[in-house]
Amino acid sequence: MGGAGPSGTDHVIVCGLNSLGMSITEHLDAAGVRVVVVDDRGGPGLRRRLERLGVTLVPEGAEHAESLREAGLDRALALVACGGSDLENLRTCLVAAEAAPGTRIVANIDNHQLGSQLQDTIAEVRVLSVGGLAGPGFVEACLQSSVIHAFAPGGTSGEAEILAVVDEDVPRRAAFRELYGDLTPVSLRRAGERRADLCPPRDVMVAPGDRLVVLGRLSDLRTRGLSSDDLSHARMFTALATHAARAGAGTAPTAATGAPGSAAPTADGRADAATAGVTAGVTAGRGAGRRGARQPRGRRLRGLAAVMQAELDAPFRRALAVVTAVTAVSTVVLALTYRNNNPAAPADFDTLDALYLTVGTMVTVGYGDYNFGTADTWLQVFGICLMLFGALAVAVVYAFITNVIVSRRLERILGIGQARTVRDHVIICGLGPVGVAVMDGLLRAGRPAVVVERDENNRYLPVARERGVPVVIGDATVGSTLMEAGLERATTIAALTGDGHANLETVLSARQARAPGTGDLPLRVVARVLDTALADDIEHRFGIHTARSATALAVPYFVAAAVGQDVVSSFYAEQTPFLVVRMPKRAGDGDGIGSDADEGAGIRVVGVGGAGAGDGTEPLVVGPASKIISLGRRDQRPPAPPAPAGPR
């Protein structure tokens, strides 16, 4: 597979032979784009897959300019840097920009600040982040809604502009067009079948029991009876997708884009009210997560009561009850007998003095004023017993209090104490780039979260704690760890580590640890998988609500950026990544939602998405990612990079 790269032009160089790089390569190859891979560490299995595809491999490090030149950098359409670390990808970008100025570069950088600086420094670089791009998809999966995805093509979120992808129940047997009018069919799975038809024609017959996913304007869906909760979810998903598109593309809020929480200006300079409302809502949710101390008084009191109930366990309560009983009995005995059986007792010795003498004796700090030295024999014996038994009981209580103080300090480090006070939350297992993106998305949506992380030195832990999210340090595959994270009170568990086997073990442990009927709602299970081909089987065989691949969610963005397409949004339906892109308008394309153009190609023209709000030049096209990329290569071939100044 080694040797020189392609002699022609218009190929893409992929630097990094890992799951992301392999998926990008397969998508480009399926779209008819020639690929050259540069990597010196890929495993034999991945190399064998490259051989089957007929893809050229340059077995050297991408940080060397000679390797990139051998791959045909000066003739390449684009270079994709998708190595194993941000530093590796940064070095690749710097070397490529120096060796071939003007070549399009797409880089996977998880660090937002680093990505923004790189993008500002080198104009040819487009920075993307797998975690940032895949995060909204997992957030949508964590929330129980019939809305799969929602986005605003024009950058606003007025109800007329939002497009939503929704699961629909088929009421009766009829043609799709008859039942759903102008809505666009995204996928159709017949009752009892495992495979789905993607982008079926609008004249297809549907029947009760079929699983149907449609796309349409939010206003049209509301007219068709979409619930208020689902409408709220659609607006929330739109705001999350808008934020993720900025964060995933490595763009920080500027004066042009507006800071988070600000409304997008309209053509006449006014802020879109709907955008402001949605963005303010999700920003408030994020702020509430960051300002964990500023909670409603009722919630703080409930949290305090829950902590006290958890700390005052049975042994502690028994010890405290013994001390209280001894104090009460001794106070009564001394109040009734001390003055009559002790010549040294003052004439005005009363109940308060008896309590004072009892407490002083039990804690061994008294006898400066009252004592048992001149008392009758039986009272002296009573005093001796009170000293021994009372001091022992108080010491036991002190021991419990010390244990609580020490354990609370440890729990503050491990996050267990905070997790005990959270209800109706999402448990996030694994705090990597994807986990952080999902955590931020849930906070923006106003949903509480608890993080379970095995590595106490994880570099993202300060981020979670700064946002006020409880963090439990432990192994998520162990049921007791999940119980410490509040599994019995959670609504969803999302296993998002980079190990697919550990994620499956985690969700199975959660099912076993949580007793049936626990909680107000059934536990929703979301798992991150690495092998997309197994996702459907995993969902059906293990009862997982949603199994998704972060790579599959993010790869379409990388591929589209490499070939120069304008991606509006991406979503998951029937274990298939879908793309929504803008393309130059061609003769015969319809302008309305649900146009029949390109039905035979397995894609749908769903409307005009130009920034000019109706200029009629850029229709939105939706379809499986591989078909969209292939269509873009035929209809929207980007211009070749500028020729170098001199021969290379």
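All values derive from a computational prediction rather than experimental measurement.

## Concerning the overall build of the chain
Okay, so step 1: Counting its regular elements, the chain contains 22 helices and 23 strands.
Okay, so step 2: Taking as baseline every contact in the chain between residues at least 6 positions apart, the subset at least 24 positions apart corresponds to 63%.
Okay, so step 3: Here the chain has roughly 28800 Å² of accessible surface; of this, 55% comes from carbon and sulfur atoms.

## What to know about the pairing of strand β17 (residues 492-495)
A regular strand places its side chains so that they alternate between the two faces of the sheet.
Okay, so step 1: A two-sided burial pattern is seen for β17, the buried positions comprising Thr-492 and Ala-494 on one face and Ile-493 and Ala-495 on the other.
Okay, so step 2: Bridge count for strand β14 (residues 426-429) against β17 is 4 bridges, and the pairing is parallel. Counted as the bridge partner of Val-426 is Thr-492 from β17.
Okay, so step 3: The sheet contact formed by β17 and strand β18 (residues 524-528) spans 4 bridges and is parallel.

## Some words on the confidence of the model for the chain
Reading predicted coordinates in detail is not appropriate for stretches of low pLDDT.
Okay, so step 1: For the chain, per-residue confidence averages 78 on the pLDDT scale, and 76% of positions sit at 70 or higher.
Okay, so step 2: Predicted confidence is poor over residues 250-295, with pLDDT under 50, and the contacts of this stretch with residues over four places away or in other chains come to 63 contacts.
Okay, so step 3: Segment residues 587-597: pLDDT under 50, and 36 contacts once partners within four positions in sequence are set aside and those in other chains are kept.

## Description of the sheet that holds strand β10 (residues 184-189)
Okay, so step 1: Overall, antiparallel pairing links the 5 strands, which are arranged β7-β8-β13-β10-β11 in an open sheet. Of all strands in the sheet, those with a lone pairing partner are β7 (147-151) and β11 (197-198), marking the two edges.
Okay, so step 2: Bridge count for β10 against strand β13 (residues 211-217) is 5 bridges, and the pairing is antiparallel. Among the inter-strand pairings, Leu-188 is bridged to a residue of β13, identified as Leu-212.

## Re the packing of helix α6 (residues 130-142) against helix α16 (residues 433-444)
Okay, so step 1: One can describe the packing of α6 onto α16 by two numbers: an axis separation of 8 Å at closest approach and a directional angle of 55 degrees. Classified by the interaxial angle, the pair formed by α6 and α16 is oblique. Between α6 and α16 lies a crossing whose hand is right-handed. Here α6 contributes Gly-131, Gly-132, Gly-135, Phe-138, Val-139 and Cys-142 to the contact with α16, which in turn contributes Pro-433, Val-434, Ala-437, Val-438, Gly-441 and Leu-442.

## Points about the nonpolar core
Okay, so step 1: Among the nonpolar cores identified, the biggest contains 97 residues, and Ile-24, Leu-28, Phe-138, Ile-428, Met-439, Leu-442 and Phe-558 are the most heavily contacted of them.
Okay, so step 2: With 12 residues, the single largest contributor to this core is helix α21 (residues 550-563).
Okay, so step 3: Each residue touching Leu-442, except ones within four places of it in the same chain, is listed here: Val-139, Cys-142, Leu-143, Val-426, Ile-428, Arg-447 and Ala-449.
Okay, so step 4: Ile-13, Leu-68, Ala-107 and Val-125 belong to the second-largest nonpolar core, a separate cluster that totals 27 residues.

## Section: the packing of helix α1 (residues 19-30) against α21
Okay, so step 1: α21 packs onto α1 with a crossing angle of 55 degrees between their chain directions and a minimal axis gap of 9 Å. Classified by the interaxial angle, the pair formed by α1 and α21 is oblique. The handedness of the crossing between α1 and α21 is right-handed. The residues of α21 that touch α1, namely those facing Ser-19, Leu-20, Ser-23, Ile-24, His-27 and Leu-28, are Thr-551, Val-555, Phe-558, Val-559 and Val-563.
Okay, so step 2: Of the residues belonging to the contact of α1 with α21, the class tally is 7 nonpolar, 4 polar and no charged.

## What about the pattern of salt bridges?
Okay, so step 1: This structure, assessed with the given rule, holds 16 salt bridges.
Okay, so step 2: Salt-bridge contacts for Arg-49 lead to Glu-26; the nearest nitrogen and oxygen are separated by 2.6 Å. Taken together, the residues span a long stretch of sequence, with Arg-49 in helix α2 (residues 44-53) and Glu-26 in helix α1 at a distance of 23 residues.
Okay, so step 3: Note that Asp-210 and Arg-190 form a salt bridge whose closest N and O atoms lie 3.0 Å from each other.

## Points about unusual backbone geometry
For residues other than glycine, phi is negative in most cases, and the peptide bonds are mostly trans.
Okay, so step 1: If you check the backbone angles, Cys-199 has positive phi at about 50 degrees while not being a glycine.
Okay, so step 2: Checked against the element boundaries, Cys-199 lands in the loop between β11 and β12 (205-206).
Okay, so step 3: The class for Cys-199 is buried, based on a relative accessible area of 4%.
Okay, so step 4: Despite not being glycine, Asp-424 shows a phi value in the positive range, around 50 degrees.
Okay, so step 5: With respect to the secondary-structure elements, Asp-424 resides in the loop between α15 (416-419) and β14.

## Comments concerning the sheet that holds strand β1 (residues 12-15)
Sheets are built from strands paired through backbone hydrogen bonds, the pairs being either parallel or antiparallel.
Okay, so step 1: Strand order across the open sheet formed by 6 strands is β3-β2-β1-β4-β5-β6, with parallel pairing between neighbours. The sheet terminates laterally at β3 (56-58) and β6 (125-128), the two strands that pair on one side only. Here the strands of the sheet are splayed against their neighbours by 20 degrees on average, with no regard to which way each runs.
Okay, so step 2: Strand direction decides the pairing type here: β1 and strand β4 (residues 78-81), joined by 4 bridges, are parallel.

## Some thoughts on the environment of Thr-223
Okay, so step 1: Within the fold, Thr-223 resides in helix α8 (residues 218-223).
Okay, so step 2: A distance of 3.0 Å separates a polar atom in the side chain of Thr-223 from the backbone oxygen of Ser-219.

## A word on the state of the cysteines
Okay, so step 1: Enumeration according to the criterion identifies 0 disulfides in this entry.
Okay, so step 2: Left without a disulfide partner, Cys-15 is nearest to the cysteine sulfur of Cys-82, which lies 7.3 Å away.
Okay, so step 3: Of the residues examined, Cys-15 reaches a relative accessible area of 3% and is grouped as buried.

## Some remarks on a nonpolar patch on the surface
Okay, so step 1: The grouping of Leu-352, Leu-355 and Val-359 at the surface amounts to a nonpolar patch, some 260 Å² of accessible area in total.
Okay, so step 2: Checked against the element boundaries, Val-359 lands in helix α13 (residues 351-362).
Okay, so step 3: Residue Val-359 is classed as partly exposed on the basis of its relative accessible area, which comes to 38%.

## Focus: the packing of aromatic side chains
Okay, so step 1: Tallied over the full model, the rule gives 4 aromatic pairs.
Okay, so step 2: An aromatic cluster is defined as three or more aromatic residues linked by ring pairs; in this entry it consists of Tyr-338, Phe-349 and Phe-372.

## A look at the side chain of Glu-453
Okay, so step 1: Among the structural elements, Glu-453 can be located in strand β15 (residues 449-453).
Okay, so step 2: With no salt bridge to any partner, buried Glu-453 finds its closest opposite charge in Arg-454, at an N-O distance of 7.0 Å.
Okay, so step 3: One polar contact links Glu-453 to Asn-458, side chain to side chain, over a distance of 3.5 Å.
Okay, so step 4: Excluding anything up to four places from it in sequence, Glu-453 contacts Gly-430, Leu-431, Asn-458, Leu-461, Val-472, Ile-473 and Gly-474.

## Focus: α16
Okay, so step 1: In this model α16 runs 17 Å from its N-terminal to its C-terminal C-alpha over 12 residues, within 8% of the 16 Å that 1.5 Å per residue would give.
Okay, so step 2: Extensive coverage of α16 is indicated by the burial of 11 of its 12 residues.
Okay, so step 3: Every buried residue belonging to α16 is among Val-434, Gly-435, Val-436, Ala-437, Val-438, Met-439, Asp-440, Gly-441, Leu-442, Leu-443 and Arg-444, and all of these are buried.
Okay, so step 4: Gly-446 sits one or two positions beyond α16 and adopts a positive phi of about 80 degrees.

## Regarding the environment of Thr-324
Okay, so step 1: Structurally, Thr-324 is set in helix α12 (residues 314-337).
Okay, so step 2: Remark: the alpha-carbon pair of Thr-324 and Gly-390, spanning 66 residues in sequence, is separated by 10.0 Å.
Okay, so step 3: One polar contact links the side chain of Thr-324 to the main-chain carbonyl oxygen of Leu-320, over a distance of 2.8 Å.

Conventions adopted
Residues numbered from 1 in each chain as written. Predicted model: local features only at pLDDT ≥ 70, side-chain atom pairs only at ≥ 80, totals over all residues. Heavy atoms only, no water. Helix = DSSP H or I, 4+ residues; strand = E, 2+ residues; numbered from the N terminus. Contact = heavy atoms within 4.5 Å. Areas by Shrake-Rupley, 256 points an atom, 1.4 Å probe, with all protein chains shown as cover. Buried < 20%, exposed > 50% of the residue type's maximum accessible area, 1.4 Å probe, protein only. Pairing = 2+ DSSP bridges. pLDDT = per-residue confidence, 0-100. Axes fitted to C-alpha atoms, helices over the stretch in contact; angles between N-to-C directions. Parallel < 35°, antiparallel > 145°, perpendicular 65-115°, else oblique. Left-handed = near helix turned anticlockwise from the far one by under 90°. Core = buried A, V, L, I, M, F, W, Y, C linked by side-chain atoms within 4.5 Å. Nonpolar A, V, L, I, M, F, W, Y, C, P; charged D, E, K, R; others polar. Salt bridge = Lys/Arg side-chain N within 4 Å of Asp/Glu carboxyl O. Polar contact = N/O pair within 3.5 Å; in protein donor to acceptor, adjacent residues only side chain to side chain. Disulfide = S-S within 2.5 Å. Patch = residues over 30% accessible without salt bridge, like charges linked within 9 Å, V, L, I, M, F, W, Y side chains within 5 Å. Phe/Tyr/Trp six-rings, centres within 6.5 Å; stacked < 30°, edge-to-face > 60°. Lys, Arg positive; Asp, Glu negative; His and termini not counted. Expected span 1.5 Å × (residues − 1).

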